[in-house]
Amino acid sequence: MFELTRRDGLARIGKLETPHGVLETPALLPVVNPRLVTVPPRELYDRFGFRALITNSYIIRNDPKLNEAARRDGLHAMLDFPGVIMTDSGTFQSHMYGEVEVKNEEIVSFQRDIGTDIGTVLDIFTEPDWSKERTAEAVDVTLDRTQDAASIKGGMLLAGVVQGSIFPDLRENCARRLALIDVDVHPIGGVVPLMEQYRFAELVDVIVASKKGLDPSRPVHLFGAGHPMVFALAALLGCDMFDSASYAKFARDDRFMFPEGTASLSDMKGIHCHCPACASHTYEEISKMAPAERTALIARHNLWVSLEEIERVKRAILEGDLWELVERRCRAHPALLSALRRLADHKGYLERFEPLSRDNSLLYTGIETLDRPVLLRYEKRFFDRYQYPDHEIMVVFEDDGGKPFARHYAPQIREMLEKYDTHFFVASPIGPVPIELDEMYPIAQSLFPDRPDLETKERIKEQMEHMSHEQTYSVGMAYDGEATMQALEMMSQRPPSFDIDLARVKAVADYQFGRGASAVLLDGKVKLVKSENTGKIRNVLVDGEHILSMRANDGFFTLRPPGAFRLLKGFPAPHMRVVVKDDAIPFNREGKNVFCAFVEECDPDVVPMDEVLVVSSKDELVAIGRAMMVRDDMLAFRTGIAVKVREGIKK
Ligand code: GUN
Ligand code: ZN
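Per chain, residue numbering runs from 1 following the sequence as it is written. Chain letters and ligand numbers both follow the written order, the letters beginning at A and the numbers at 1. With the structure being a predicted model, the display of local features is reserved for residues of pLDDT at least 70 and the display and counting of side-chain atom pairs for 80 or more, all residues being used for whole-chain, interface and lining totals. Calculated side-chain values reflect all of the structure's heavy atoms, with hydrogen atoms and water omitted.

Secondary structure elements are defined from DSSP: runs of H or I of at least 4 residues count as helices, runs of E of at least 2 residues count as strands, and each element is numbered from the N terminus. Looking at the secondary structure, you find Lys314 in helix α14 (residues 291-319). Using a 1.4 Å probe on the protein chains alone, a residue whose accessible area is under 20% of its type maximum counts as buried, one over 50% counts as exposed, and one in between counts as partly exposed. Lys314 sits in the buried class, given a relative accessible area of 15%. Residues are treated as being in contact if the distance between any of their heavy atoms lies within 4.5 Å. Contacts of Lys314, omitting those with residues within four sequence positions, involve Ile13, Glu24, Thr25 and Pro26.

Here, a strand pair is defined by DSSP locating no fewer than two bridges between the strands. Read across the sheet, 3 strands follow the order β1-β2-β3 without closing on themselves; strand pairing throughout is antiparallel. Single-partner strands in this sheet number two, and they are β1 (2-8) and β3 (21-25). The average undirected angle you get between the axes of adjacent strands in this sheet is 10°. Pairing geometry for strand β2 (residues 11-18) and β3, over 5 bridges, is antiparallel. Paired with Lys15 across the two strands is Glu24, which belongs to β3. Axis lines are fitted to C-alpha atoms, over the contacting stretch for helices. Their N-to-C directions set the angle, which ranges from 0 to 180 degrees.

Within the secondary structure, Asp610 sits in the loop between β26 (599-602) and β27 (611-615). Residue Asp610 is classed as buried on the basis of its relative accessible area, which comes to 6%. Here Asp610 is in contact with Leu356, Arg381, Gln512, Asp605, Gly625, Arg626 and Ala627, once residues within four sequence places are set aside.

For patch detection, residues must exceed 30% relative accessible area and be free of salt bridges, and they are connected within 9 Å for like charges or within 5 Å for nonpolar side chains (Val, Leu, Ile, Met, Phe, Trp, Tyr). Accessible surface area values rest on a Shrake-Rupley calculation with a 1.4 Å probe, where residue burial reflects the displayed protein chains alone. A side-chain nitrogen of Lys or Arg and a carboxyl oxygen of Asp or Glu constitute a salt bridge if their distance falls within 4 Å. A residue counts as positive if it is Lys or Arg and as negative if it is Asp or Glu; His and the chain ends are not included. We put the charge of a Lys on NZ, of an Arg on CZ, of an Asp on CG and of a Glu on CD. Together, Glu455, Glu458, Glu462 and Glu465 make up a region of like negative charge exposed at the surface. Within the element layout of this structure, Glu455 appears in helix α21 (residues 454-468).

Time to look at the packing of helix α10 (residues 200-213) against helix α16 (residues 334-342). Axis separation between α10 and α16 bottoms out at 7 Å; the angle between their running directions is 35°. Classified by chirality, the crossing of α16 by α10 is right-handed. Where α10 abuts α16, its residues Phe200, Ala201, Glu202, Val204 and Asp205 lie against Ala335, Leu336, Ser338, Ala339 and Arg342. Any residue that is not Ala, Val, Leu, Ile, Met, Phe, Trp, Tyr, Cys, Pro, Asp, Glu, Lys or Arg is counted as polar, Gly included; the first ten are nonpolar and the last four charged. Counted by class, the contact of α10 with α16 contains 6 nonpolar, 1 polar and 3 charged residues. In this scheme the handedness of a crossing depends on how the near helix is turned from the far one: anticlockwise by less than a right angle means left-handed, clockwise means right-handed.

All right, on to the coordination of the zinc ion (ligand 2) then. Put simply, a metal with four donors set out as a tetrahedron has ideal angles of 109.5 degrees, and one with six donors set out as an octahedron has ideal angles of 90 or 180 degrees. Coordination partners: N, O, S within 2.8 Å of the metal, 3.2 Å for Na, K and Ca; water not considered, so apparent gaps in a site are possible. Taken together, Cys273 (SG), Cys275 (SG), Cys278 (SG) and His301 (ND1) make up the full set of protein donors to the zinc ion (ligand 2), lying 2.0 to 2.3 Å away. Considering all 4 donor atoms around the zinc ion (ligand 2), angles at the metal cover 103 to 118° and the coordination shape is tetrahedral. The sequence pattern formed by the donor residues of the zinc ion (ligand 2) is C-x1-C-x2-C-x22-H. Like Cys273, the residue Cys275 is buried in the burial classification. Labels for metal geometry use angle windows, namely 85 to 135 degrees for all angles of a four-donor tetrahedral site, and for square planar (four donors) or octahedral (six donors) sites opposite donors over 155 degrees apart plus all others within 65 to 115; sites meeting none of these are irregular.

Turning our attention to the site of ligand 1. Throughout, the term near means that a residue has one or more heavy atoms lying within 4 Å of the molecule or strand in question. Residues in close proximity to ligand 1 include Asp88, Ser89, Thr91, Phe92, Thr120, Asp123, Phe125, Gln163, Gly189, Gly190, Val192 and Phe223, which together make up its full environment. Between N or O atoms, a polar contact is any pair within 3.5 Å; within protein, one atom must be a potential hydrogen donor and the other a potential acceptor, and residues adjacent in sequence are included only when both atoms are from side chains. In this structure, an oxygen atom belonging to ligand 1 sits 3.0 Å away from a side-chain N or O atom of Gln163. The backbone of Gly190 places a nitrogen or oxygen atom 2.7 Å from an oxygen atom of ligand 1. Look at ligand 1: alone it shows 280 Å² of surface, and the protein chains cover 97% of it. For the shell around ligand 1, the class distribution of residues is 4 nonpolar, 6 polar and 2 charged.

In this model helix α7 (residues 132-150) runs 27 Å from its N-terminal to its C-terminal C-alpha over 19 residues, within 8% of the 27 Å that 1.5 Å per residue would give. What α7 keeps buried is the set Thr135, Ala138, Val139, Thr142, Leu143, Thr146, Ala149 and Ala150. Angularly, the buried residues of α7 cover 145° about the axis, an arc narrow enough to put them on a single face. Pointing more than 90 degrees away from the buried face of α7 are the exposed residues Glu133, Glu137 and Asp144. Contact partners of the buried residues in α7: α6 (104-113), β8 (157-159) and α8 (168-178). Multiply 1.5 Å by the residue count of a helix minus one, and that product is the helix's expected span. Relevant arc is that of directions from the helix axis to the C-beta atoms, nothing else.

To continue, consider the packing of aromatic side chains. Pairing of aromatic side chains here covers Phe, Tyr and the six-membered ring of Trp, requires ring centres within 6.5 Å, and sorts the geometry by plane angle: under 30 degrees stacked, over 60 edge-to-face, intermediate tilted. A complete count under the given rule lists 25 aromatic pairs for this structure. Judged by centre distance (5.2 Å) and plane angle (85°), the ring pair of Tyr386 and Tyr388 falls under edge-to-face. Relative accessible area serves as the criterion here: at 7%, Tyr386 is assigned to the buried category. Among the aromatic residues, those joined into a cluster by ring pairs are Tyr378, Phe382, Phe383, Tyr386, Tyr388, Phe425, Tyr473, Tyr511 and Phe556. Charge-over-ring contacts are defined here by two conditions on Lys NZ or Arg CZ: a distance within 6 Å of the ring centre and an angle within 35 degrees of the ring normal. Sitting over the ring of Phe637, Arg7 keeps its end group 5.1 Å from the ring centre.

Across 2 bridges, the pairing between strand β25 (residues 594-595) and strand β29 (residues 641-648) is antiparallel. Within β29, the position partnered with Val594 by the bridge is Val643. As paired elements, strand β28 (residues 621-627) and β29 share 5 bridges and run antiparallel to each other. The residue of β29 that forms the bridge with Ala627 is Val643.

This part covers the layout of surface pockets. Only protein atoms enter the calculation, which uses a 1 Å grid: trapped sets of points that fit a 1.4 Å probe without letting it out are cavities, open sets showing protein on both sides within 12 Å along at least five of seven lines are pockets, and any residue with an atom within 4 Å of a point is a lining residue. Grid points are joined across faces, edges and corners, and a volume is the space filled by probe spheres set on the points. What the largest pocket holds in volume is close to 1,200 Å³. Counting residues per element, the ones that place at least two in the lining of the largest pocket are β4 (27-32), β5 (52-56), α2 (57-62), α5 (91-97), α9 (192-196), α11 (228-236), β11 (241-244) and α12 (246-252). For the lining of the largest pocket, the class distribution of residues is 25 nonpolar, 16 polar and 9 charged.

Locating Phe405 in the fold gives a position in helix α19 (residues 405-408). We classify Phe405 as buried; its relative accessible area is 1%. When the C-alpha atoms of Phe405 and Leu437 are compared, they prove to be 9.0 Å apart, with 32 residues separating the residues in sequence. Ignoring any residue separated from it by four or fewer positions in sequence, one finds Phe405 in contact with Asp399, Val426, Ser428, Val433, Ile435, Asp438 and Ile443.

Have a look at this one:
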């Protein structure tokens, strides 16, 4: 069973239950070659803290001594490793050396019998230079073998490998069919050549295509991904597990791994590393070591660095800055930058998993930031949902970095609103921002450098042009100090009527709950309660009922029951709904969270952190809360909180 404790987009932190304990993901499994041990498994466990490793059952089977020991004592005793052991099947040997002389059933049974925790099917390694026909046939064989393996796996978890080479349709189709087979982990296979050749952009396509087809409730392993350079990127795309033989292979060639790339000892002018392996040694000492000793040191260095990067990725998922980490890492090499740019091709898919808001601010790192799904989210929701208020003249400020915009431009706004019926926009890199949306994520919670690059300027221009075709003002003008005041004097006919507080409530409600939500929610006598300290809107009351509260940190609303009833009445199902099974209803009415197992259906447009209406199959309101995941996750997972309930609705 795989349970997630945290998500950010496709990235996730999870726990995989295995016969030898719970494996926390993202996890790196060092490869242990039982015939050529570089770092003993016991040391991996005790000193490094690795809780899982991967070894090769094909090598063990073919070595009479190892075979006997594994059968007699079991794999864990043989390797002296108390943690989770995954085994591979011999497929990689076939990639390296051609055919292997073992049958799928035989190697799967062998893995099961020696007590492996996660065994692997004998899949066919689909090479990037194969024709589509040959690849498709190999995928079919792999799927047949996976089906056979699943029927004999016993108590062992089984890894069913996604193949399909660089053909996205074959990958997605393979993944979809694998999702129907009773396997437990999904490695994405056949990607080693892509990584060796630095074809990271294609790697992005392969991972995304595979993820599209897979069952989201199963962990995804990126087979052979052992370089810390790619961990952040792969985790961003939803890979949970990695394995590395590189730490040892690179060490044999005197190569040091870093998240920024690889460095050969002969090219290095110093060690500049404080990992436990390097710390007490000088460059000269390491250079003069006997080869075996040096290999041992560098292998340990490579492991420490890889482990640290996995920890860094985990922290980024928890803290909400994984995108920033990925953008920084992908600047280490042009091939990685190509991969980062390739993400733009998939932003529509990625946007579906993008949370409504994050704890961390969006930091602009370069033009690739402009293609982040979070910006697409704003673009989609603004253009679909925003309703232009009825004012005579639109004045557009530039985004000079001062935030929140309304406060930054308060003197200018006040001056214009003394006499003229103006409304205000800011031409920001995120898009056209009506001044009243200035406190909402990611508008206030984002930082851009003060000299925009050409691409950012171009984007601002495009977005403003798009808006100019849709806006409904009599006149629009860019703010230009005194000249603007003079123009307004000449043009303005109507008295001022812009009320930023009411506009804020309307605009955020439409953006957050759907076009027209403000009309439904605010139908009646509206009263706003503001914070005495900050002057920010706290509560929205309509006809004396508290319908919404506004959060200070991200500028979004939390829904109160009277507001929820209004939305329920105003929008037909499935909008904002999470339908729960009958037996859960009494618990949710008591305010208990909605667990995945009890979700019957969910609005496919719900995104993580959205406010949702928890309803019965008859569309009766049962509770209100915040969605923790998208619909497909709710329906796929058997454990985990689907909706954090804030309030139950008693009958
Ligand atoms: N190790 C690296 N790539 C692969 C793969 O595609 N299949 C298997 N079984 N092992 C691998
Ligand atoms: Zn080091």
